[in-house]
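# Structure at a glance
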Amino acid sequence: MKYWEWQTKRVSRIALGSTNFGEPMSVEESWRVMDYAREQGVNFFDTARIYGYWYKEGGRNGYCEKVMGDYMTSRGCRNEIYLVTKGAHPPFEDRGASRLTPQCLREDLEGSLRDLGTDHIDLYFLHRDHPDMDLPAVMETLHAFVKEGKVLALGASNWHYGRIREANEYAEKHALTPFCASQVEWSMAKLADGTAGDKTQVVLTPEEYEAYRKSGLLLMAYTSQAHGLFSKALAAGGYESLAAAGKLGKYKDPANRHRVEAALSLCRKYGVSPAALAVAYITGQDFPAVPILGCSRLEQMKDSLSAADLVLQPEDYKLILQEDII
Ligand SMILES: NC(=O)c1ccc[n+]([C@@H]2O[C@H](COP(=O)([O-])OP(=O)(O)OC[C@H]3O[C@@H](n4cnc5c(N)ncnc54)[C@H](OP(=O)(O)O)[C@@H]3O)[C@@H](O)[C@H]2O)c1
């Protein structure tokens, strides 16, 4: 497992995602996944206030946080974990609305601390951006969280790079805490145009990738398994079979024909699985980049973590990307 020193903690270069914890994955299986990840050295856990809300009638904010919180309390492992959660997601019934007000931010943070059973969050993210938010009020509120010791560091998820820079310039000018991390959608696969989730999600672009490389910000990649695209292509007998079965989903971009075949040839070269290769694609970047791994069952997590120390070479990236940058 690759690690680095980050804010005085030894943090794994792979993070564990949690959207499926508790629902649709059972609580027992979620705990097995967390046990396994920790055994493999993963101590970077990612969750969010909104996770658990939408899977079933009666789902509620904080459900995944509660599954993770109960786990950490039961195992007595909170201090080993570098804990990420996120607040201020718009309500699902109205994605265009903003919850980036001091009151909503406070409500979400206090709820997260309660459900996670902790007195602080290591890295606290704003889950979404909103063009109409009051940036000074947001940065002041987040800074107050840091001063209170409830949050140790700040991140912005689904914010464009320019917006993070603008916020950090404001923070610097007013002696407030800046964002040190970003979280966006990014994987070895190319998303077909116009297929990113809702309009509030941000997919990494080549221009922003170049900016991040020079920025010193930590970049966390969500949906870094491309929902299992590469593993599913191998199981189906190749890209064409997956395409013929109509199972490309949002990855129906012509570039993926080549990317999948190139990835499968690298899997043969290194003797690793496609999921492990997708992890190495992010951890092998020449700046702090962390894939967040989701799974539907423990076996998938075992597979994804099965070659955590694999280091891809520049020629491997060239083979996958051809003329593309990401
Ligand atoms: N900041 C944000 O807005 C944001 C957004 C999304 C996610 N996230 C975070 O990122 C984490 C991961 O995101 P995600 O779940 O969207 O993406 P993902 O990791 O790309 O997708 C997870 C899915 O990929 C498939 N998969 C994973 N490993 C596999 C393997 N080894 N073999 C075969 N299939 C495999 C499974 O799909 P099947 O169920 O089809 O088998 C699994 O449910 C989340 O849990 C969450 O913590 C953050």
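Everything that follows concerns the structure shown earlier in this document.
In what follows, the accompanying structure is described. Remember, predicted model here, so these are calculated numbers, not experimental data.

### Side note on the overall build of the chain
A count of helical and extended segments in the chain gives twelve helices and ten strands. Computed over its C-alpha atoms, the radius of gyration of the chain comes to 19 Å, within 12% of the 20 Å expected for a compact globule of 326 residues. Along the first, second and third principal axes, the C-alpha set of the chain runs to 50 × 40 × 40 Å. Out of the 326 residues belonging to the chain, those deemed buried represent 57%.

### Some words on the packing of aromatic side chains
On inspection of all chains with the given rule, the structure shows eleven aromatic pairs. Residues Trp 4 and Trp 6 carry aromatic rings whose centres are separated by 5.7 Å and whose planes lie at 45° to one another, so their mutual orientation is tilted. Taking the relative accessible area as the measure of exposure, Trp 4 reaches 15% and is therefore buried. Their ring planes at 10° and their centres at 6.4 Å tell us that Trp 186 and Phe 287 sit as a pair that is stacked. Taken together, the residues span a long stretch of sequence, with Trp 186 in the loop between strand 8 (179–185) and helix 6 (206–215) and Phe 287 in the loop between helix 10 (274–283) and strand 10 (289–293) at a distance of 101 residues. As far as burial versus exposure is concerned, Trp 186 and Phe 287 are alike and both buried. Sitting over the face of the ring of Tyr 3, Arg 10 holds its NZ or CZ atom 3.9 Å from the ring centroid. When the ring centre of Trp 4 is taken as origin, the NZ or CZ atom of Arg 13, which lies over that ring, is 5.6 Å away.

### Overview of the site of the ligand
The environment of the ligand is made up of 29 residues, and the closest members are Thr 19, Asp 46, Gln 183, Lys 232 and Ser 296. Interatomic distance of 3.3 Å between a side-chain N/O atom of Ser 231 and a nitrogen atom of the ligand. Protein coverage of the free-state accessible area of the ligand, which is 900 Å², stands at 84%. Of all the secondary structure elements, the ones that give two or more residues to the shell around the ligand are helix 7 (229–236) and helix 11 (298–304). Looking at the shell around the ligand residue by residue, the class counts come to six nonpolar, 18 polar and five charged.

### Some details on the pairing of strand 2 (residues 9–12)
When strand 1 (residues 3–6) meets strand 2, the two strands line up antiparallel, connected through four bridges. If you follow Trp 6 over to strand 2, its bridge partner there is Lys 9. The antiparallel pairing of strand 1 with strand 2 creates a hairpin that spans two residues between the two strands, and Gln 7 there sits at a positive phi of about 50°.

### A few points about unusual backbone geometry
Omega for the peptide link from Glu 23 to Pro 24 comes to 5°, which places this bond in the cis form. Among the secondary structure elements, Pro 24 is positioned in the loop between strand 3 (15–16) and helix 1 (27–39). The backbone phi angle of His 227 is positive, close to 55°, even though this residue is not glycine. With respect to the helices and strands, the residue His 227 is situated in the loop between strand 9 (218–222) and helix 7. With phi around 50°, Gln 322 is a residue other than glycine that occupies positive phi space. Mapped onto the elements of the fold, Gln 322 is located in the segment after helix 12 (314–321).

### Quick notes on helix 5 (residues 161–173)
Because each turn of an α-helix spans 3.6 residues, side chains separated by three or four positions in sequence point in the same direction. Taking 1.5 Å per residue as the helical rise, helix 5 with its 13 residues ought to reach 18 Å, and the 18 Å between its terminal C-alpha atoms agrees with that figure. What helix 5 keeps buried is the set Tyr 161, Ile 164, Ala 167, Asn 168, Tyr 170 and Ala 171. Looking at the buried residues of helix 5, the elements they touch are helix 4 (135–147), strand 7 (154–157), strand 8 and helix 6. Two residues or fewer past helix 5, Ala 175 is found with a positive phi of approximately 55°.

### Observations concerning the sheet that holds strand 6 (residues 123–126)
The strands making up a sheet associate through hydrogen bonds between their backbones, and the pairing can be parallel or antiparallel. The sheet built from eight strands closes into a barrel, its strands ordered 3-4-5-6-7-8-9-10 with parallel pairing. Bridging between strand 7 and strand 8 involves four bridges; their strand directions are parallel. Bridge pairing links Ser 157 to Gln 183 in strand 8.

### Here's the deal with the layout of surface pockets
In this structure, the largest pocket occupies an estimated 1100 Å³ of space. As for the largest pocket, its lining consists of 42 residues, and the residues nearest its centre are Thr 19, Asn 20, Thr 223, His 227 and Gly 294. For the lining of the largest pocket, the secondary-structure elements that each account for two or more residues are helix 7, strand 10 and helix 11. Looking at which element gives the most residues to the lining of the largest pocket, the answer is helix 11, with four residues. In terms of residue class, the lining of the largest pocket is made up of eleven nonpolar, 21 polar and ten charged. In this structure, the second largest pocket spans a volume of roughly 370 Å³. If you go around the second largest pocket, you meet 21 residues; those closest to its centre are Lys 190, Leu 191, Val 203, Leu 204 and Ile 326. Taken together, the residues of the lining of the second largest pocket sort by class into eleven nonpolar, five polar and five charged.

### Some thoughts on helix 3 (residues 102–116)
In this model, helix 3 (15 residues) spans 21 Å end to end at C-alpha, consistent with the 21 Å of a helix rising 1.5 Å per residue. Considered for burial, the residues of helix 3 that qualify are Cys 104, Leu 105, Asp 108, Leu 109, Gly 111, Ser 112, Leu 113, Asp 115 and Leu 116.

Scoring rules and cut-offs
- In this convention, every chain numbers its residues from 1, walking through the sequence in written order.
- It should be noted that, the model being predicted, local features are given only for residues of pLDDT at least 70 and side-chain atom pairs only at 80 or more, the latter also being counted only at that level, while totals for whole chains, interfaces and linings use all residues.
- Note: side-chain values were computed over all heavy atoms of the structure, leaving out hydrogens and water.
- Helix and strand labels come from DSSP, where a helix needs a run of H or I of at least four residues and a strand needs a run of E of at least two; each type is numbered from the N terminus.
- In this description the radius of gyration comes from C-alpha coordinates, and the expected globular size is given by 2.2 Å times residues to the power 0.38.
- In this scheme, a residue with accessible area under 20% of its type's maximum is buried, one over 50% is exposed, and one in between is partly exposed, where area comes from a 1.4 Å probe on protein chains only.
- The aromatic pairing rule takes the rings of Phe, Tyr and Trp, using the six-membered ring of Trp, and pairs them if the centres are within 6.5 Å, calling planes under 30 degrees apart stacked, those over 60 edge-to-face and the rest tilted.
- Remark: a charge is flagged as sitting over a ring if the NZ atom of Lys or the CZ atom of Arg is within 6 Å of the ring centre and within 35 degrees of the ring normal.
- The nearness test applies per residue and asks whether one of its heavy atoms lies within 4 Å of the molecule or strand.
- Residues adjacent in sequence count toward polar contacts only when both atoms are side-chain atoms; beyond that, a polar contact is any pair of N or O atoms within 3.5 Å, and within protein one must be able to donate a hydrogen and the other to accept it.
- Reported accessibility uses the Shrake-Rupley method at a 1.4 Å probe radius. Residues are deemed covered only where the shown protein chains occlude them.
- For this classification, the nonpolar set comprises Ala, Val, Leu, Ile, Met, Phe, Trp, Tyr, Cys and Pro, the charged set comprises Asp, Glu, Lys and Arg, and every other residue, Gly included, is treated as polar.
- When DSSP locates at least two bridges between a pair of strands, those strands are taken to pair.
- For a helix, the expected span equals 1.5 Å multiplied by the number of residues minus one.
- The contact rule is simple, with two residues in contact once any of their heavy atoms fall within 4.5 Å.
- Detection works on a 1 Å grid of protein atoms alone, calling trapped sets that fit a 1.4 Å probe cavities and calling open sets with protein on both sides within 12 Å along at least five of seven lines pockets, with lining residues defined by an atom within 4 Å of a point.
- Grid points are joined across faces, edges and corners, and a volume is the space filled by probe spheres set on the points.

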